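One-letter residues, chain by chain:
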Amino acid sequence: MLQSQAASCQSLIGTSCRRIFASRCTSETSSRAFSAAPTRFFNSSAAQKHHSVPRHVDALSASQSSFRGVQFSPLVAIATRRQTAAAQPRAMAPTADLEVFGKAVPFTGQPSARRGDCPFSQRTYLDLEEKKLQYKGTFVQEGENDSKPDWFMKNNPSGLMPVLRDGDQWIQDSDKIFEHLESKFPEPSLKPSDSAKEVGKDIFPKFMGWLQEKDPKAAEKKSDFEAELKSFDQHIKQNGPYIDGDKMTDADLSVSPKLLHARVALKYWYDYEFPAELTAVRDYMHRMEERPSFQKTRPTDDLIIQGWGMKCELKSTPAAAGA
Ligand SMILES: N[C@@H](CCC(=O)N[C@@H](CS)C(=O)NCC(=O)O)C(=O)O
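Residues numbered from 1 in each chain as written. Predicted model: local features only at pLDDT ≥ 70, side-chain atom pairs only at ≥ 80, totals over all residues. Heavy atoms only, no water.

Named according to an unreviewed UniProt entry, the protein is glutathione dehydrogenase (ascorbate) originating from Klebsormidium nitens. Taken directly from UniProt, the Sequence similarities (unreviewed entry) text for the protein runs: "Belongs to the GST superfamily. DHAR family." (UniProt positions renumbered as here; feature names shortened; annotations may be inferred.)

Asks: What exactly am I supposed to notice about the overall build of the protein here?
Replies: The secondary structure content of the protein amounts to 14 helices and seven strands. At a minimum sequence separation of 6, the contacts of the protein that also span at least 24 residues come to 77%. Counting only carbon and sulfur atoms, one obtains 50% of the accessible surface of the protein, whose full area is about 14,500 Å². (Helix = DSSP H or I, 4+ residues; strand = E, 2+ residues; numbered from the N terminus. Contact = heavy atoms within 4.5 Å. Areas by Shrake-Rupley, 256 points an atom, 1.4 Å probe, with all protein chains shown as cover.)

Asks: For this particular structure, what's the right way to read the packing of aromatic side chains?
Replies: How two aromatic rings sit relative to each other is set out by the distance from centre to centre and by the angle between their planes. Per the stated rule, a full pass over the model turns up 16 aromatic pairs. When the centroid spacing of 5.1 Å and the interplanar angle of 65° are considered together, the rings of Trp-210 and Tyr-270 count as edge-to-face. Here Tyr-270 lies in helix α11 (residues 250-270) and Trp-210 lies in helix α9 (residues 203-212), a separation of 60 residues in the sequence. One exposure class covers both Trp-210 and Tyr-270, and it is buried. Taken together through their ring pairs, the aromatic side chains of Trp-210, Phe-225, Tyr-270, Tyr-272 and Phe-274 make up a single cluster. Taking NZ or CZ as reference, Arg-115 lies 4.4 Å from the ring centre of Tyr-125, over its face. In this structure, Lys-311 is placed above the aromatic ring of Trp-308, and the distance from its NZ or CZ to the ring centre is 4.3 Å. (Phe/Tyr/Trp six-rings, centres within 6.5 Å; stacked < 30°, edge-to-face > 60°. Buried < 20%, exposed > 50% of the residue type's maximum accessible area, 1.4 Å probe, protein only. Lys NZ or Arg CZ within 6 Å of the ring centre and 35° of its normal.)

Asks: So what exactly am I meant to see when it comes to the packing of helix α5 (residues 119-130) against α11 here?
Replies: Axes are the key here: two packed helices are described by the angle between their axes and the distance separating the axes. The interhelical angle for the contact between α5 and α11, taken along N-to-C directions, is 140°, at an axis separation of 9 Å. The angle between α5 and α11 places the two elements in the oblique class. Once α5 is placed against α11, the crossing between them reads as right-handed. Where α5 abuts α11, its residues Pro-119, Phe-120, Gln-122, Arg-123, Leu-126, Asp-127 and Glu-130 lie against Asp-250, Leu-253, Ser-254, Pro-257, Lys-258 and His-261. Residue composition of the contact of α5 with α11, by class: five nonpolar, three polar and five charged. (Axes fitted to C-alpha atoms, helices over the stretch in contact; angles between N-to-C directions. Parallel < 35°, antiparallel > 145°, perpendicular 65-115°, else oblique. Left-handed = near helix turned anticlockwise from the far one by under 90°. Nonpolar A, V, L, I, M, F, W, Y, C, P; charged D, E, K, R; others polar.)

Asks: Explanation requested: the pattern of salt bridges in the structure shown.
Replies: Two side chains with opposite charge may pair up if their charged atoms get near one another. A complete count under the given rule lists 19 salt bridges for this structure. Where Lys-311 meets Asp-117, a salt bridge forms, and the shortest distance between an N and an O atom there is 3.3 Å. One end of the pair, Lys-311, is in helix α14 (residues 301-311); the other, Asp-117, is in the loop between β4 (98-103) and α5, with 194 residues separating them in the sequence. Accessibility assignment for this pair places Lys-311 and Asp-117 in one class, buried. A salt bridge links Lys-296 to Glu-129; the shortest N-O distance between them is 3.1 Å. Of this pair, Lys-296 sits in helix α13 (residues 292-297) while Glu-129 sits in helix α5, and the two are 167 residues apart along the sequence. (Salt bridge = Lys/Arg side-chain N within 4 Å of Asp/Glu carboxyl O.)

Asks: What am I meant to see in α11 here?
Replies: Owing to its 3.6 residues per turn, the α-helix brings residues three or four apart onto one side. Its 21 residues place the ends of α11 30 Å apart at the C-alpha level, agreeing with the 30 Å of an ideal helix rising 1.5 Å per residue. Burial runs high along α11: 19 of the 21 residues are buried. After α11 finishes, the residue Asp-271 shows a positive phi value of roughly 50°. (Expected span 1.5 Å × (residues − 1).)

Asks: Explanation requested: the pairing of strand β5 (residues 135-140) in the structure shown.
Replies: Looking down a regular strand, the side chains alternate between one sheet face and the other. Along β5, five of the six residues are buried, which leaves the element largely enclosed by surrounding structure. Direction of pairing for β4 relative to β5: parallel, over a ladder of five bridges. Counterpart to Phe-101 in the pairing with β5 is Thr-138. (Pairing = 2+ DSSP bridges.)

Asks: What is the right way to look at the side chain of Glu-289 in this model?
Replies: Examined against the element boundaries, Glu-289 turns out to sit in helix α12 (residues 279-289). Glu-289 gets classed as buried once you look at its relative accessible area, which sits at 17%. Setting aside residues up to four positions removed in sequence, Glu-289 forms contacts with Leu-260, Arg-263, Phe-294, Gln-295 and Arg-298.

Asks: For this particular structure, what's the right way to read α5?
Replies: Under the 1.5 Å per step criterion, the end-to-end length of α5 is 16 Å for twelve residues, consistent within 8% with the ideal 16 Å. Taking burial as the measure, the twelve residues of α5 include eleven buried ones, the bulk of the element. Within the span of α5, buried status applies to Pro-119, Ser-121, Gln-122, Arg-123, Thr-124, Tyr-125, Leu-126, Asp-127, Leu-128, Glu-129 and Glu-130. Positive phi shows up at Lys-132, right after α5, with a value of about 55°.

Asks: Even after reading the chapter, I still don't get the pairing of strand β7 (residues 169-172), so can you show me in this structure?
Replies: Summarising the sheet, strand β6 (residues 163-166) and β7 pair through four bridges and their orientation is antiparallel. For Asp-166, the partnering residue across the bridge sits in β7 and is Gln-169. In sequence, β6 turns back onto β7 through a hairpin of two residues, with Gly-167 there showing a positive phi of about 65°.

What follows is the structure, given as C-alpha coordinates:
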(Lines give C-alpha, C1' and ligand atoms only; values in the text may rest on other atoms or scores of the structure.)
Protein backbone atom coordinates (compact mmCIF):
# COMPACT_ATOMS: atom_id res chain seq x y z
CA MET A 1 0.00 0.00 0.00
CA LEU A 2 2.69 2.42 1.07
CA GLN A 3 4.77 1.38 -1.89
CA SER A 4 2.01 2.03 -4.37
CA GLN A 5 1.33 5.45 -2.85
CA ALA A 6 4.98 6.30 -3.07
CA ALA A 7 5.07 5.13 -6.67
CA SER A 8 2.04 7.16 -7.67
CA CYS A 9 3.44 10.17 -5.84
CA GLN A 10 6.70 9.82 -7.68
CA SER A 11 5.07 9.36 -11.04
CA LEU A 12 2.81 12.37 -10.52
CA ILE A 13 5.76 14.52 -9.63
CA GLY A 14 7.98 13.00 -12.29
CA THR A 15 5.57 13.25 -15.20
CA SER A 16 4.25 16.62 -14.37
CA CYS A 17 7.68 18.03 -13.88
CA ARG A 18 8.70 17.23 -17.44
CA ARG A 19 8.11 20.51 -19.16
CA ILE A 20 9.28 22.00 -22.38
CA PHE A 21 12.00 24.30 -21.22
CA ALA A 22 15.61 24.46 -22.21
CA SER A 23 17.91 22.25 -20.12
CA ARG A 24 19.87 24.34 -17.72
CA CYS A 25 21.53 23.98 -14.43
CA THR A 26 23.10 26.44 -12.05
CA SER A 27 24.57 26.08 -8.66
CA GLU A 28 25.15 27.72 -5.35
CA THR A 29 27.81 26.96 -2.81
CA SER A 30 26.70 26.55 0.77
CA SER A 31 29.48 28.10 2.75
CA ARG A 32 30.05 31.00 5.01
CA ALA A 33 30.71 33.17 1.98
CA PHE A 34 27.59 32.03 0.20
CA SER A 35 25.41 32.37 3.26
CA ALA A 36 26.51 35.94 3.70
CA ALA A 37 25.60 36.70 0.10
CA PRO A 38 22.66 34.46 -0.69
CA THR A 39 21.98 35.90 -4.12
CA ARG A 40 25.38 34.96 -5.54
CA PHE A 41 25.28 31.87 -7.71
CA PHE A 42 28.06 29.91 -9.33
CA ASN A 43 28.00 27.56 -12.27
CA SER A 44 29.17 24.08 -11.26
CA SER A 45 32.28 22.81 -12.97
CA ALA A 46 30.28 19.95 -14.47
CA ALA A 47 27.62 22.31 -15.69
CA GLN A 48 30.10 24.72 -17.15
CA LYS A 49 31.32 22.03 -19.48
CA HIS A 50 27.91 21.84 -21.04
CA HIS A 51 26.01 25.01 -20.43
CA SER A 52 26.28 28.68 -20.38
CA VAL A 53 23.98 30.10 -17.76
CA PRO A 54 23.20 33.60 -16.55
CA ARG A 55 24.25 34.29 -12.98
CA HIS A 56 20.87 34.88 -11.49
CA VAL A 57 17.35 35.05 -12.73
CA ASP A 58 14.67 36.10 -10.31
CA ALA A 59 11.81 34.99 -12.46
CA LEU A 60 9.05 35.32 -9.92
CA SER A 61 9.10 38.92 -8.94
CA ALA A 62 5.85 40.36 -7.67
CA SER A 63 5.17 41.98 -11.02
CA GLN A 64 5.30 38.56 -12.70
CA SER A 65 3.09 36.81 -10.20
CA SER A 66 0.59 35.30 -12.54
CA PHE A 67 0.23 31.81 -13.86
CA ARG A 68 -2.33 30.42 -16.30
CA GLY A 69 -4.38 33.53 -15.87
CA VAL A 70 -4.43 33.23 -12.08
CA GLN A 71 -3.06 36.34 -10.40
CA PHE A 72 -1.14 35.79 -7.21
CA SER A 73 -1.94 38.16 -4.42
CA PRO A 74 0.59 40.78 -3.37
CA LEU A 75 0.51 39.10 0.05
CA VAL A 76 2.05 36.00 -1.47
CA ALA A 77 4.79 38.13 -2.98
CA ILE A 78 5.39 39.92 0.32
CA ALA A 79 5.57 36.60 2.16
CA THR A 80 8.08 35.42 -0.41
CA ARG A 81 10.31 38.43 0.12
CA ARG A 82 10.14 37.93 3.88
CA GLN A 83 11.17 34.28 3.52
CA THR A 84 14.19 35.30 1.44
CA ALA A 85 15.20 38.02 3.85
CA ALA A 86 14.95 35.63 6.78
CA ALA A 87 17.97 33.53 5.74
CA GLN A 88 20.82 34.36 8.12
CA PRO A 89 24.54 33.88 7.66
CA ARG A 90 26.05 31.02 9.64
CA ALA A 91 29.22 29.02 9.75
CA MET A 92 29.54 25.69 7.95
CA ALA A 93 32.34 23.23 8.65
CA PRO A 94 34.56 22.44 5.67
CA THR A 95 34.19 18.82 4.65
CA ALA A 96 34.37 16.47 1.72
CA ASP A 97 33.58 17.24 -1.89
CA LEU A 98 29.79 17.19 -1.66
CA GLU A 99 27.38 18.39 -4.33
CA VAL A 100 23.61 18.12 -4.30
CA PHE A 101 21.66 18.15 -7.53
CA GLY A 102 18.19 19.39 -6.74
CA LYS A 103 15.29 20.52 -8.81
CA ALA A 104 15.49 24.04 -10.24
CA VAL A 105 12.61 26.42 -10.73
CA PRO A 106 10.91 24.56 -13.55
CA PHE A 107 8.49 26.88 -15.19
CA THR A 108 10.11 30.17 -15.93
CA GLY A 109 10.93 29.33 -19.53
CA GLN A 110 14.36 30.75 -18.78
CA PRO A 111 17.54 29.42 -17.27
CA SER A 112 17.05 29.32 -13.54
CA ALA A 113 19.48 30.06 -10.78
CA ARG A 114 16.89 29.30 -8.15
CA ARG A 115 16.16 26.17 -6.22
CA GLY A 116 12.85 24.63 -7.12
CA ASP A 117 9.95 23.29 -5.13
CA CYS A 118 10.92 19.64 -4.57
CA PRO A 119 10.28 18.59 -0.94
CA PHE A 120 12.60 15.59 -1.31
CA SER A 121 15.42 17.90 -2.37
CA GLN A 122 14.66 20.19 0.57
CA ARG A 123 15.01 17.24 2.93
CA THR A 124 18.51 16.59 1.59
CA TYR A 125 19.48 20.25 1.88
CA LEU A 126 18.17 20.16 5.45
CA ASP A 127 20.16 17.04 6.31
CA LEU A 128 23.32 18.75 5.08
CA GLU A 129 22.55 22.04 6.78
CA GLU A 130 21.69 20.47 10.12
CA LYS A 131 24.88 18.42 9.97
CA LYS A 132 26.71 21.66 9.20
CA LEU A 133 28.31 20.16 6.11
CA GLN A 134 29.65 22.31 3.35
CA TYR A 135 28.21 21.46 -0.04
CA LYS A 136 27.58 22.82 -3.45
CA GLY A 137 23.94 23.04 -4.51
CA THR A 138 23.33 22.62 -8.22
CA PHE A 139 19.89 23.16 -9.66
CA VAL A 140 18.93 20.99 -12.58
CA GLN A 141 16.06 21.86 -14.84
CA GLU A 142 14.17 19.52 -17.08
CA GLY A 143 14.74 19.94 -20.79
CA GLU A 144 12.81 19.61 -23.99
CA ASN A 145 11.43 16.11 -24.58
CA ASP A 146 12.27 15.07 -21.07
CA SER A 147 15.95 15.49 -21.68
CA LYS A 148 18.05 16.48 -18.74
CA PRO A 149 21.71 17.22 -19.38
CA ASP A 150 23.62 14.18 -20.69
CA TRP A 151 26.27 14.35 -17.98
CA PHE A 152 23.50 14.29 -15.38
CA MET A 153 21.62 11.35 -16.89
CA LYS A 154 24.86 9.42 -17.31
CA ASN A 155 25.52 9.63 -13.59
CA ASN A 156 21.88 9.41 -12.54
CA PRO A 157 19.95 7.34 -15.10
CA SER A 158 16.62 7.65 -13.22
CA GLY A 159 16.76 11.41 -13.70
CA LEU A 160 15.15 11.83 -10.28
CA MET A 161 16.30 14.44 -7.81
CA PRO A 162 17.77 14.92 -5.30
CA VAL A 163 21.11 13.32 -6.07
CA LEU A 164 24.20 13.62 -3.93
CA ARG A 165 27.65 13.46 -5.45
CA ASP A 166 30.25 12.60 -2.84
CA GLY A 167 33.55 12.68 -4.69
CA ASP A 168 33.04 10.20 -7.52
CA GLN A 169 30.08 8.50 -5.91
CA TRP A 170 26.56 9.45 -7.00
CA ILE A 171 23.69 8.59 -4.66
CA GLN A 172 20.07 9.01 -5.69
CA ASP A 173 17.02 9.07 -3.42
CA SER A 174 16.67 11.16 -0.31
CA ASP A 175 16.45 8.06 1.93
CA LYS A 176 19.71 6.66 0.60
CA ILE A 177 21.38 10.07 0.70
CA PHE A 178 20.45 10.42 4.37
CA GLU A 179 21.82 6.93 5.18
CA HIS A 180 25.07 7.82 3.42
CA LEU A 181 25.45 11.14 5.23
CA GLU A 182 24.58 9.64 8.58
CA SER A 183 27.12 6.86 8.26
CA LYS A 184 29.91 9.06 6.90
CA PHE A 185 29.23 12.08 9.10
CA PRO A 186 27.62 10.63 12.25
CA GLU A 187 27.82 13.84 14.31
CA PRO A 188 25.50 15.47 14.98
CA SER A 189 23.31 12.43 14.63
CA LEU A 190 19.96 12.92 12.93
CA LYS A 191 19.10 9.23 12.99
CA PRO A 192 15.46 8.60 13.84
CA SER A 193 14.13 5.49 15.54
CA ASP A 194 12.61 2.89 13.20
CA SER A 195 9.09 3.76 14.35
CA ALA A 196 9.67 7.49 13.82
CA LYS A 197 10.48 6.86 10.16
CA GLU A 198 6.89 5.79 9.58
CA VAL A 199 5.21 8.76 11.27
CA GLY A 200 3.51 11.20 8.89
CA LYS A 201 4.56 9.21 5.81
CA ASP A 202 1.08 9.14 4.31
CA ILE A 203 0.35 12.85 4.66
CA PHE A 204 1.99 13.72 1.36
CA PRO A 205 0.33 11.05 -0.83
CA LYS A 206 -3.08 11.85 0.69
CA PHE A 207 -2.55 15.57 0.13
CA MET A 208 -1.69 14.90 -3.51
CA GLY A 209 -4.63 12.54 -3.88
CA TRP A 210 -6.98 15.31 -2.78
CA LEU A 211 -5.41 18.02 -4.91
CA GLN A 212 -5.44 15.78 -7.98
CA GLU A 213 -9.22 15.61 -7.69
CA LYS A 214 -9.24 19.35 -8.49
CA ASP A 215 -12.21 19.62 -6.15
CA PRO A 216 -12.03 21.05 -2.63
CA LYS A 217 -15.34 19.30 -1.90
CA ALA A 218 -14.08 15.81 -2.77
CA ALA A 219 -15.21 14.48 0.62
CA GLU A 220 -13.46 11.12 0.68
CA LYS A 221 -10.09 12.50 -0.39
CA LYS A 222 -10.40 15.37 2.05
CA SER A 223 -11.20 13.06 4.94
CA ASP A 224 -8.33 10.70 3.96
CA PHE A 225 -5.97 13.67 4.17
CA GLU A 226 -7.41 14.95 7.44
CA ALA A 227 -7.18 11.51 9.02
CA GLU A 228 -3.42 11.51 8.37
CA LEU A 229 -3.09 15.05 9.66
CA LYS A 230 -5.03 14.17 12.84
CA SER A 231 -2.95 11.09 13.43
CA PHE A 232 0.21 13.18 13.09
CA ASP A 233 -1.22 15.78 15.47
CA GLN A 234 -1.99 13.06 17.99
CA HIS A 235 1.51 11.65 17.69
CA ILE A 236 3.14 15.02 18.33
CA LYS A 237 0.79 15.76 21.24
CA GLN A 238 1.76 12.47 22.87
CA ASN A 239 5.43 12.27 21.89
CA GLY A 240 6.56 15.74 20.82
CA PRO A 241 7.84 18.31 20.44
CA TYR A 242 9.49 16.37 17.57
CA ILE A 243 8.51 13.13 15.90
CA ASP A 244 11.07 11.22 17.94
CA GLY A 245 10.49 13.12 21.16
CA ASP A 246 12.89 15.79 22.38
CA LYS A 247 15.39 15.28 19.61
CA MET A 248 14.92 16.60 16.10
CA THR A 249 15.84 13.95 13.54
CA ASP A 250 15.77 13.33 9.81
CA ALA A 251 12.17 12.16 10.26
CA ASP A 252 11.25 15.81 10.93
CA LEU A 253 13.38 17.01 8.04
CA SER A 254 11.55 14.62 5.74
CA VAL A 255 7.98 15.33 6.88
CA SER A 256 8.07 19.10 7.46
CA PRO A 257 8.78 20.12 3.82
CA LYS A 258 5.79 17.99 2.76
CA LEU A 259 3.56 19.53 5.40
CA LEU A 260 4.62 22.93 4.12
CA HIS A 261 3.56 22.00 0.58
CA ALA A 262 0.21 20.73 1.83
CA ARG A 263 -0.48 23.82 3.91
CA VAL A 264 0.49 26.36 1.25
CA ALA A 265 -1.05 24.61 -1.77
CA LEU A 266 -4.33 23.69 -0.06
CA LYS A 267 -4.75 27.19 1.30
CA TYR A 268 -4.25 28.79 -2.09
CA TRP A 269 -5.99 26.32 -4.39
CA TYR A 270 -8.76 25.08 -2.07
CA ASP A 271 -8.95 27.91 0.50
CA TYR A 272 -8.41 25.16 3.07
CA GLU A 273 -6.64 25.58 6.38
CA PHE A 274 -5.41 22.89 8.71
CA PRO A 275 -8.17 22.49 11.34
CA ALA A 276 -7.68 24.90 14.27
CA GLU A 277 -7.96 22.08 16.83
CA LEU A 278 -4.83 20.46 15.38
CA THR A 279 -2.70 22.71 17.53
CA ALA A 280 0.24 20.32 17.69
CA VAL A 281 0.62 20.32 13.88
CA ARG A 282 0.52 24.11 13.79
CA ASP A 283 3.06 24.46 16.62
CA TYR A 284 5.23 21.79 15.06
CA MET A 285 5.34 23.57 11.71
CA HIS A 286 6.08 26.87 13.42
CA ARG A 287 8.96 25.21 15.27
CA MET A 288 10.39 23.68 12.10
CA GLU A 289 9.92 26.77 9.93
CA GLU A 290 11.74 28.92 12.47
CA ARG A 291 14.93 26.94 12.03
CA PRO A 292 17.56 28.82 10.00
CA SER A 293 18.13 25.66 7.95
CA PHE A 294 14.47 25.58 6.97
CA GLN A 295 14.34 29.26 6.12
CA LYS A 296 17.42 28.94 3.99
CA THR A 297 16.24 25.92 2.02
CA ARG A 298 12.48 26.33 1.71
CA PRO A 299 10.83 27.07 -1.60
CA THR A 300 8.84 30.27 -1.70
CA ASP A 301 5.05 30.09 -1.39
CA ASP A 302 4.83 31.26 -5.01
CA LEU A 303 6.86 28.30 -6.19
CA ILE A 304 4.80 25.81 -4.22
CA ILE A 305 1.54 27.29 -5.49
CA GLN A 306 2.61 27.42 -9.11
CA GLY A 307 4.23 23.99 -8.92
CA TRP A 308 1.05 22.30 -7.72
CA GLY A 309 -1.05 24.32 -10.11
CA MET A 310 0.96 22.82 -12.95
CA LYS A 311 1.26 19.32 -11.56
CA CYS A 312 -2.47 19.00 -10.94
CA GLU A 313 -3.52 21.24 -13.83
CA LEU A 314 -5.41 23.54 -11.49
CA LYS A 315 -6.70 26.61 -13.23
CA SER A 316 -8.57 28.60 -10.66
CA THR A 317 -9.04 28.95 -6.94
CA PRO A 318 -12.52 28.65 -5.38
CA ALA A 319 -12.53 32.46 -5.07
CA ALA A 320 -11.61 32.94 -8.73
CA ALA A 321 -14.28 30.41 -9.71
CA GLY A 322 -16.85 32.41 -7.73
CA ALA A 323 -17.48 29.55 -5.28
N1 LIG B 1 11.80 8.86 -3.57
C2 LIG B 1 12.54 9.94 -4.19
C3 LIG B 1 11.54 10.88 -4.84
C4 LIG B 1 12.23 11.95 -5.64
C5 LIG B 1 11.29 12.65 -6.62
O6 LIG B 1 10.16 12.21 -6.88
N7 LIG B 1 11.77 13.77 -7.15
C8 LIG B 1 11.06 14.47 -8.17
C9 LIG B 1 11.07 15.97 -7.94
S10 LIG B 1 10.23 16.44 -6.45
C11 LIG B 1 11.76 14.25 -9.49
O12 LIG B 1 12.96 14.21 -9.55
N13 LIG B 1 10.96 14.10 -10.54
C14 LIG B 1 11.44 13.87 -11.87
C15 LIG B 1 11.84 15.08 -12.58
O16 LIG B 1 11.85 16.16 -12.02
O17 LIG B 1 12.16 14.94 -13.74
C18 LIG B 1 13.38 10.63 -3.12
O19 LIG B 1 13.02 10.56 -1.94
O20 LIG B 1 14.42 11.20 -3.45
